[in-house]
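# A structural walkthrough
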Amino acid sequence: MATELLQQVRVIDPVSETDQVSDVLIVDGDIQAISLQISDVSSDTSIRDCRGLVLGTGLVDLYSHSGEPGFEERETLVSFLAAAAAGGFTRVAVLPDTSPVIDNPALVAQLQKPIKLEQNLDFPSPLLPCSPAPLLQIWGAMTLDLAGKQLAEFADLATAGVVGFTDAKPWENLGIVQRMLEYLQPFGKPVAFCPCDRSLSLNGMMREGAEALRVGLPPVPASAETSAIASLLELVAAIGTPVHIMRVSTARSVELIATAKFQGLPVTASTTWMHLLLDTRDVKSYHTSLHLEPPLGNPSDVTALRNGLRGGVIDAIAIDHAPYTYEEKVQAFAESPPGAIGLELALPLLWQNLVATEEFTPLELWRVLSNQPAACLQQKINPIKPGEKAELTLFDPLQSWKINRANLHTLSNNTPWFGQEIQGRVLQTWC
């Protein structure tokens, strides 16, 4: 029986709204005791001095991309889950845009087979802080092959255990969206949409504004996102099916969602971690890892997203981890596929830029990375208290490390921070 005593660790629990320094005793994966000081422990207890460290509830990622099946050169499920564990995530949800698309129960069952990270990794991993692996959850596709025309067999996917339904891409036909909302309502599972009107975004690569003019990339107007959100909200008001709005990226979108929530519509929303940290001014480097979909916002969008998170209009931060090979990303900005990795980087960089600057409190950040993403998936996170299972993340906000191949578990390098030294690192997760 494994017994661990974490001494004088800062316990951040957004479930019970506590932030205090305590001793925490974990016995065989269960939280046995929490107190200002614990001295009565068995002789075989592993004692760890945790002064300056943070112990929080496990982080939850609403949606990310795995290369497997179909694109294992980008990411395998093993490397994906290893990266998640190294980033402090105890639950991760995979989007269905694999090859083949996750639109049938057989593939769901295949992906849900247990994975033991320490036995399957192809390289020595002294950094790997978690066993067993984080909980892998599967989003089911709403349309067959993501074609947007023929609906998937929702009942079969629901029975197979998908966490919810999404195509993770903009829709082409609003009539199909209406049918989806009608058919999915009885299943009571999360339904997520990525809003963008392609007829307005066209071949745009960068958020419309002064910086887009300076950089010379085709612009994407904010209305491409906001008009799609407005249409979706009208359908929700008429049909009543709860929806989750993914990848919110504009100030006007925050306003629309705030109005919908005030009116009582069953809506939740998320933005991605990179849309909180970077804006159009960063794109002048033409780094292809800054090619995202939706594109990075203007500075006013970033301010609105941060305020929306703190005020509860935006419910959660998603990582939207999107690995690509070196060859895929070493192209002209406009030719590169959109997306960047993030599972191992999000918590350190968010803490460094939002908490260390005192814009967010530790509880505010942890809430939108842990229990609120879980709530969007209709789940709960256990509070940090005696008698509960240990689903925890131990984080050192001051440890510096360099983002390079030796320090990453993901197979891909597509991040604008690659080669840089950052501060903050996850030391251990309990799944």
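Residues numbered from 1 in each chain as written. Predicted model: local features only at pLDDT ≥ 70, side-chain atom pairs only at ≥ 80, totals over all residues. Heavy atoms only, no water.

Summed over all chains, the structure comprises 14 salt bridges. Residue Asp30 is joined to Lys389 by a salt bridge in which the shortest nitrogen-to-oxygen separation is 3.2 Å. Separated by 359 residues along the polypeptide, Asp30 in strand 3 (residues 30-35) and Lys389 in the loop between helix 15 (371-376) and strand 16 (392-402) bring together distant segments of the chain. The class of Asp30 is partly exposed, set by a relative accessible area of 28%. Residue Glu293 is joined to Arg198 by a salt bridge in which the shortest nitrogen-to-oxygen separation is 2.7 Å. Of the two residues, Glu293 sits in the loop between helix 10 (273-277) and helix 11 (299-311) while Arg198 sits in helix 6 (residues 198-201), which places them 95 residues apart along the sequence. A relative accessible area of 34% places Glu293 in the partly exposed class. The class of Arg198 is partly exposed, set by a relative accessible area of 40%. (Salt bridge = Lys/Arg side-chain N within 4 Å of Asp/Glu carboxyl O. Helix = DSSP H or I, 4+ residues; strand = E, 2+ residues; numbered from the N terminus. Buried < 20%, exposed > 50% of the residue type's maximum accessible area, 1.4 Å probe, protein only.)

Quick look at the state of the cysteines now. On inspection of all chains with the given rule, the structure shows zero disulfides. Cys194 carries a free sulfur, and the closest cysteine sulfur to it, the one in Cys196, is 7.2 Å from it. Look at Cys194 and you get buried, because its relative accessible area is 6%. (Disulfide = S-S within 2.5 Å.)

As a further point, take the nonpolar core. Ranked by size, the top nonpolar core spans 102 residues in total, and within it Phe193, Trp273, Leu350 and Leu365 carry the most contacts. Of the residues forming this core, the biggest block, eight residues, is contributed by helix 1 (residues 77-86). For Leu350, the residues in contact, after removing those within four places along its chain, are Trp273, Leu276, Leu277, Ile317, Val355, Leu365 and Leu369. Counting 17 residues, the second largest nonpolar core, distinct from the first, contains Ala93, Met246, Ala374 and Ile381. (Core = buried A, V, L, I, M, F, W, Y, C linked by side-chain atoms within 4.5 Å. Contact = heavy atoms within 4.5 Å.)

At a minimum axis separation of 10 Å, helix 13 (residues 346-355) and helix 14 (residues 362-369) run at an interaxial angle of 145 degrees. Both helix 13 and helix 14 take part in a crossing whose hand is right-handed. Across the interface between the two elements, Leu347, Leu350, Trp351, Leu354 and Val355 from helix 13 touch Pro362, Leu365, Trp366 and Leu369 from helix 14. (Axes fitted to C-alpha atoms, helices over the stretch in contact; angles between N-to-C directions. Left-handed = near helix turned anticlockwise from the far one by under 90°.)

So, about the side chain of Asn371. Assignment of secondary structure puts Asn371 in helix 15. Under the relative-accessibility criterion, Asn371 is labelled buried at 18%.

Comment: phi is negative for the bulk of residues other than glycine, and the bulk of peptide bonds are trans. In this structure, Pro100 follows Ser99 across a cis peptide bond, with omega equal to 5 degrees. Mapped onto the elements of the fold, Pro100 is located in the loop between strand 7 (89-94) and helix 2 (105-111). For the peptide bond that leads from Glu293 to Pro294, omega is 0 degrees, which places it in the cis range. Looking at where Pro294 falls in the secondary structure, it is placed in the loop between helix 10 and helix 11.

Turning to the UniProt feature "domain: Amidohydrolase-related" (unreviewed entry) in the protein chain, a few remarks are in order. UniProt's entry tags residues 298-431 with the feature "domain: Amidohydrolase-related" (unreviewed entry), counted in the numbering of this structure. Helix makes up 31% of residues 298-431 and strand 18%, with an end-to-end C-alpha separation of 37 Å. (UniProt positions renumbered as here; feature names shortened; annotations may be inferred.)

Below, the discussion takes up the environment of Gln112. Note on placement: Gln112 falls in the loop between helix 2 and helix 3 (117-120). Separated by 45 residues in sequence, Gln112 and Gly67 have C-alpha atoms that sit 15 Å apart. When neighbours within four sequence positions are excluded, Gln112 is seen to be in contact with Ile138, Ala160 and Gly161.

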